[in-house]
Amino acid sequence: MELLNKRPDDMARITTKELADAFIAEQVAEVRAQVGDKKVLLALSGGVDSSVVAALLIKAIGKQLVCVHVNHGLMRKGESEQVIELFKNGLDANLIYVDATDRFLDLLKDVSDPETKRKIIGGEFIKVFDEESSKLEGISFLAQGTIYPDIIESKGVKAHHNVGGLPEDMQMELVEPVRLLYKDEVRVVGEALGLPHDMVYRQPFPGPGLGVRCLGAITRDRLHALREADAILREEFDKSGLAGKVWQYFIAVPDMKSVGVRDGKRYEGWPAIIRAVNTTDAMTATIEEIPYELLHHITDRITHEVEGINRVLLDLTPKPIGTIEWE
């Protein structure tokens, strides 16, 4: 089945449950026509897009959907556990969990170029799915949470894990039911499908995960520091009420050190860079103003609780000119 790559000019923006229900009914019919009685393998990251696709496909084809959650070692703190709890225990999904941490981090060792990192991660994902599908019978399709900005941005801006870098000899046909939707529409569809509010409004997370926020060549110690600092930022945004107000917020840690002082001694560490932006379609983004009192508190926690971090910086750059992610 030929999939459209351009959103029709007359396609109404999905803003209500009624419009979402109509979209769901249309996609359920299309997926059933495309898939027939075959099985579909879903790359379930636990992010908004893949979760909405999972719920939509469960509605369309039930147990024909096989969800595979790959822990590539680049997830946020506690994220894989949350995916298992929500989908396996909550939605009774047919879920396979693969811990491929060492496999991914070994491949990424000494790789500093962002595009190369994305392609390694995306390519390895496909290999993992091919391996998993070869253990199963009747897997003919690969489902993905590609959304419209991914398609637009893949034309030269970045090699997106959903669009760029897929091997030409990939054995599975793609199923991408939300590929013509913007992020805000995906959320409306997710709620119409009955997914929990906190899951549907969870902030977006790139396919390469913390791999594009641990800037430059990834090391395990810096990745660990990034994960811990990011968890503190998320916890404090939750407590302060900013979590529901800010579209995306995260920490990036560059591969550079500066001198500092800790316990009266010289202490070299990495800077943690706070990024907090608002947007409706991910094509442009504005900066969220964070109260200084909260920034001081976050800084105090990160610099005292996270080994290896000795400075906290705030990124004030809108999109354009800066992209949302650093890499």
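Bear in mind that the values here come from a model prediction, so they are computed numbers and not experimental data.

Each value, and the rule that gives it
Residues numbered from 1 in each chain as written. Predicted model: local features only at pLDDT ≥ 70, side-chain atom pairs only at ≥ 80, totals over all residues. Heavy atoms only, no water. Helix = DSSP H or I, 4+ residues; strand = E, 2+ residues; numbered from the N terminus. Rg over C-alpha atoms; globule rule 2.2 N^0.38 Å. Buried < 20%, exposed > 50% of the residue type's maximum accessible area, 1.4 Å probe, protein only. Contact = heavy atoms within 4.5 Å. Areas by Shrake-Rupley, 256 points an atom, 1.4 Å probe, with all protein chains shown as cover. Lys, Arg positive; Asp, Glu negative; His and termini not counted. Charge placed at Lys NZ, Arg CZ, Asp CG, Glu CD. Phe/Tyr/Trp six-rings, centres within 6.5 Å; stacked < 30°, edge-to-face > 60°. Lys NZ or Arg CZ within 6 Å of the ring centre and 35° of its normal. Pairing = 2+ DSSP bridges. Salt bridge = Lys/Arg side-chain N within 4 Å of Asp/Glu carboxyl O. Polar contact = N/O pair within 3.5 Å; in protein donor to acceptor, adjacent residues only side chain to side chain.

*Asks:* Please provide a residue-by-residue account of the overall build of the protein chain, values included.
*Replies:* Scanning the protein chain from N- to C-terminus turns up ten helices and ten strands. The C-alpha atoms of the protein chain give a radius of gyration of 20 Å, which matches the 20 Å a tight globule of 327 residues would have. Expressed along its principal axes, the backbone C-alpha trace of the protein chain runs to roughly 70 × 40 × 40 Å. For the protein chain, the residues scored as buried account for 55% of the 327 residues in total. Contacts in the protein chain between residues far apart in sequence, at least 24 positions, make up 76% of those at least 6 positions apart. Counting every atom, the protein chain has about 15,000 Å² of accessible surface; 52% of that belongs to carbon and sulfur. Computed over 40 positive and 53 negative side-chain charges, the separation of the two mean positions in the protein chain equals 2 Å.

*Asks:* Let's hear about the packing of aromatic side chains: which residues, and what values?
*Replies:* Here the structure, examined in full by the defined rule, presents three aromatic pairs. Directly above the ring of Phe205 sits Arg76, whose terminal nitrogen or CZ lies 4.0 Å from the centroid. In this structure, Arg213 packs its charged tip against the face of Phe250, placed 3.8 Å from the ring centre.

*Asks:* An account of the pairing of strand β6 (residues 248–252) is requested, with residue identities and associated values reported.
*Replies:* A regular strand places its side chains on the two faces of the sheet in alternate fashion. A large share of β6 lies buried, amounting to five of its five residues. Where burial is concerned, the two faces of β6 agree: the one with Gln248, Phe250 and Ala252 and the one with Tyr249 and Ile251 are both buried. Where β6 meets strand β8 (residues 265–278), five bridges bridge the pair, whose relative direction is antiparallel. Within β8, the residue paired with Ile251 across the bridge is Ile274.

*Asks:* Give a description of the pattern of salt bridges that names residues and reports values.
*Replies:* A complete count under the given rule lists 28 salt bridges for this structure. Asp230 is paired through a salt bridge with Arg234; the nearest N and O atoms lie 3.3 Å apart. Placement of the pair is Asp230 and Arg234 together in helix α9 (residues 220–240), with a separation of four residues, close to one helical turn. Overall, the relative accessible area of 1% leaves Asp230 in the buried class. By relative accessible area, Arg234 is classed as buried at 17%. When salt bridges with common partners are traced through the structure, they connect Glu235, Glu236, Lys239, Arg301 and Glu305 into a single cluster.

*Asks:* Residues and numbers for the environment of Ala93, please.
*Replies:* With respect to the helices, strands and loops of the structure, Ala93 is situated in the loop between α3 (79–90) and β3 (95–99). Residues Ala93 and Lys63, spaced 30 residues apart in sequence, show a C-alpha to C-alpha distance of 7.7 Å. Those residues in contact with Ala93 that lie beyond four places of it in its chain are Ile58, Cys67, Phe87 and Lys88.

*Asks:* Can you tell me about the environment of Asp49, naming the residues and giving the values?
*Replies:* Positionally, Asp49 belongs in helix α2 (residues 48–61). Taking C-alpha positions, Asp49 is 8.7 Å from Gly190, a pair spaced 141 residues apart along the chain. With residues near it in sequence (within four places) discarded, Asp49 still touches Gly145, Ile147, Lys183 and Val186. For Asp49, the side chain forms a polar contact with the side chain of Lys183, separated by 2.8 Å.

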